[in-house]
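Observations on chain architecture
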Amino acid sequence: MRMSVIGCGYLGAVHAAAMASIGHEVVGIDVDDRKIASLQKGEAPFFEPGLQDILAEAIASGRLSFTTDIAQAHGAAVHFVGVGTPQQKDGYAADLTYVNAAFDALIPHLTPGDVVAGKSTVPVGTASALAERVTPTGATLVWNPEFLREGFAVQDTVDPDRLVAGVPEGEEGERAAEILREVYHPSVAKGTPFIVTDYATAELVKVAANAFLATKISFINAMAEIAEVTGADVTQLADAIGHDVRIGRRFLGAGIGFGGGCLPKDIRAFSARAEELGRGESVAFLREVDAINLRRRERAVQLVVDALGGSVFQKRIAVLGAAFKPHSDDIRDSPALDAAVRLHGLGADVIVTDPEAVENARRVQPQLAYTTDRDEALQGADAVLVVTEWDEYRRELSPEHAAALAAGRIIVDGRNCLDAAAWRSAGWSYYGMGRP
Ligand code: UDX
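None of these values were measured; they are calculated from a predicted model.

Attention now goes to the domain arrangement of the protein. What the domain assignment reports for the protein is domain 1 (2-197) and domain 2 (233-432). Facing 18 residues of domain 1, the contacting portion of domain 2 comprises 19 residues. Both faces combined, the contact of domain 1 with domain 2 buries some 1,500 Å², and carbon together with sulfur accounts for 54% of it. For the pair domain 1 and domain 2, the number of links is one salt bridge. Its salt-bridge partner being Glu-150, residue Arg-332 comes within 3.2 Å of it at the nearest N-O pair. The tally of links from domain 1 across to domain 2 stands at nine residue pairs in polar contact (both at pLDDT 80 or more). Across the side of domain 1 that touches domain 2, the residue classes tally to eleven nonpolar, five polar and two charged.

Structure (structure tokens):
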């Protein structure tokens, strides 16, 4: 099937390559010349495991191309729109500038029978408003939210755990859903749930899923706060409640909290939208979820300050991790980088290391010192703060090796990812989050 993918960021670039890898003929379109130039050469413009391979393969096969010319969308049967919906600069709501610009650009190139599939995470009600503009062209709008996780984006796109299609009522909607089934033929063939809904439900599925995940993380971090004043161990608590299959252990990782380009801004946009709808109270708990999450960053910093005797001024602190999670170079709303910035603000001599995210971090926080070499970061450190659970820090760094490099023996585990007993028996003062 011929398709266009408008927006070649984390979502769109992966989607375009993944669609070509399952046999479709795809053109990826973006307004950013540099991104497109890199993609045309088969080079992923960001770090995402597996993307480089499917990108190069699909380009070599001739099924995948990239352009800045929106007119190239003409003739495609399906047009995916996967542009960003960041948080507004002066509020919590989502900024729909890029979505509106993408539709403005695309609409003149639509032909009757085309399907436009919105993938961006949008406030509920956006799709029905956009449909009023798409329908007069004879094309059909569907809302087809994306649930991919960074770090597993290729796998999640090629083999998702569910597919959701919000469609208009009647035959037009049925036909559009049928076309989406053809698009995702390998998943449909293997029996992946394919849920057809109205627009509002499809839009809400995405924000509800992210709100639930954020709530789960903040729930366990709230328990960590209670553990901190009672001497309990939140990791054991999470293991114990996680054995209940109704609860489940995943996303009960207490620590410095969630970040990234999705969870933080999606819960804020959801609150803002609910308020517009007169139902602010229904999701008022999301404000607490956000507040708990942000408190954990402060707590991690406080642990370092306390461990160093009340001041970090001119103390050398190695911050292990800058990305918002491992297997990613994404530093958007990263708790890791935030902690480093806060420590720097307190006068510490901070050195940040990360296997993939240093370049991105340096761009937005140039005042910090960086190295991609973990051991160089550890050299002479008075304290070590682990904030992204890369294997390089979690599995491959032994307390003995770290002790040979660092000046102090203080380790703060912002992700509860280290073996506390092993670090302690090697002579370190180990501080976890919500652990005695
Ligand atoms: C998320 C959703 O998982 C995905 O379905 C959606 O499409 C986009 O948003 P992503 O932003 O890639 O994906 O990251 P995710 O794996 O959900 O992690 C988000 C943040 O939560 C990270 O900062 C991670 O470190 C943190 N986290 C996760 C915890 O603090 N504890 C946990 O137990 C799990």
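In the vicinity of the ligand there are 20 residues, among which Phe-147, Leu-148, Glu-150, Gly-253 and Phe-324 approach most closely. Taking Glu-150, its main chain carries an N or O atom lying 2.7 Å from an oxygen atom of the ligand. Within the contact set of the ligand, an oxygen atom lies 2.8 Å away from a backbone nitrogen or oxygen of Phe-324. Here the ligand has 660 Å² of accessible area as a free molecule, and 90% of this is covered by the chains. A breakdown of the residues in the shell around the ligand according to their chemical character gives ten nonpolar, four polar and six charged.

Here we have six strands laid out as an open sheet, ordered S11-S10-S9-S12-S13-S14, and parallel in their pairing. Only two strands of the sheet have a single partner each, and these edge strands are strand S11 (369-371) and strand S14 (429-431). On average, each strand axis in the sheet is tilted by 20° relative to the strand beside it, whichever way the strands run. Note that strand S13 (residues 410-413) and S14 share three bridges and pair parallel. Bridge pairing in S14 places Ile-411 opposite Tyr-430. In the packing of helix H12 (residues 285-307) onto the sheet, contacts are made with strand S9 (316-320), strand S12 (383-386), S13 and S14, and the angle to S13 comes to roughly 165°.

Attention now moves to helix H4 (residues 97-106). Along H4, the positions that sit buried rather than exposed are Val-99, Ala-102, Phe-103 and Leu-106. The buried residues of H4 all sit within an arc of 95° when viewed along its axis, so they share a single face. In the core, the buried residues of H4 are packed alongside strand S1 (2-6), strand S4 (78-81), strand S5 (115-118), helix H5 (126-134) and strand S6 (140-143).

Inspection of the entire model under this criterion finds 29 salt bridges. For the salt bridge of Asp-156 with Arg-149, the shortest nitrogen-to-oxygen distance reads 2.8 Å. Residue Asp-156 is classed as buried on the basis of its relative accessible area of 12%. A salt bridge links Arg-374 to Asp-375, with the shortest nitrogen-to-oxygen separation between them at 3.0 Å. Owing to a relative accessible area of 22%, Asp-375 belongs among the partly exposed residues under this scheme.

This brings us to the pairing of S6. Of the two faces of S6, the one carrying Thr-140 and Val-142 and the one carrying Leu-141 and Trp-143 are both buried. Note: S5 against S6, four bridges, orientation parallel. Residue pairing across strands places Val-115 opposite Thr-140, the latter belonging to S6. Each parallel crossover has a hand, and the one from S5 via H5 to S6 is right-handed.

Between helix H9 (residues 199-230) and helix H10 (residues 234-242), the shortest axis-to-axis distance is 9 Å and the interhelical angle comes to 135°. With respect to each other, H9 and H10 are oriented oblique. As H9 packs across H10, the resulting crossing turns out to be right-handed. Along the contact surface, H9 presents Phe-219, Ile-220, Met-223, Ala-224 and Ala-227, while H10 presents Val-234, Leu-237, Ala-238 and Ile-241. Per-class residue counts for the contact of H9 with H10 are nine nonpolar, no polar and no charged.

This next bit is on the side chain of Ser-187. Tracing the chain through its elements places Ser-187 in helix H8 (residues 185-189). The exposure class of Ser-187 is buried, given its relative accessible area of 3%. Of note is the side chain of Ser-187, whose polar atom sits 3.5 Å from the backbone oxygen of Val-158. When residues no more than four places from it in sequence are discounted, the contact partners of Ser-187 are Val-158, Asp-159, Pro-160, Leu-163 and Thr-192.

Reading the values: rules and limits
Residues numbered from 1 in each chain as written. Predicted model: local features only at pLDDT ≥ 70, side-chain atom pairs only at ≥ 80, totals over all residues. Heavy atoms only, no water. Domains from an automatic or database assignment. Contact = heavy atoms within 4.5 Å. Buried area = accessible area lost by both parts, 1.4 Å probe. Salt bridge = Lys/Arg side-chain N within 4 Å of Asp/Glu carboxyl O. Polar contact = N/O pair within 3.5 Å; in protein donor to acceptor, adjacent residues only side chain to side chain. Nonpolar A, V, L, I, M, F, W, Y, C, P; charged D, E, K, R; others polar. Near = heavy atom within 4 Å. Areas by Shrake-Rupley, 256 points an atom, 1.4 Å probe, with all protein chains shown as cover. Pairing = 2+ DSSP bridges. Helix = DSSP H or I, 4+ residues; strand = E, 2+ residues; numbered from the N terminus. Axes fitted to C-alpha atoms, helices over the stretch in contact; angles between N-to-C directions. Buried < 20%, exposed > 50% of the residue type's maximum accessible area, 1.4 Å probe, protein only. Arc of directions from axis to C-beta. Right-handed = clockwise from strand over helix to strand, strands pointing away. Parallel < 35°, antiparallel > 145°, perpendicular 65-115°, else oblique. Left-handed = near helix turned anticlockwise from the far one by under 90°.

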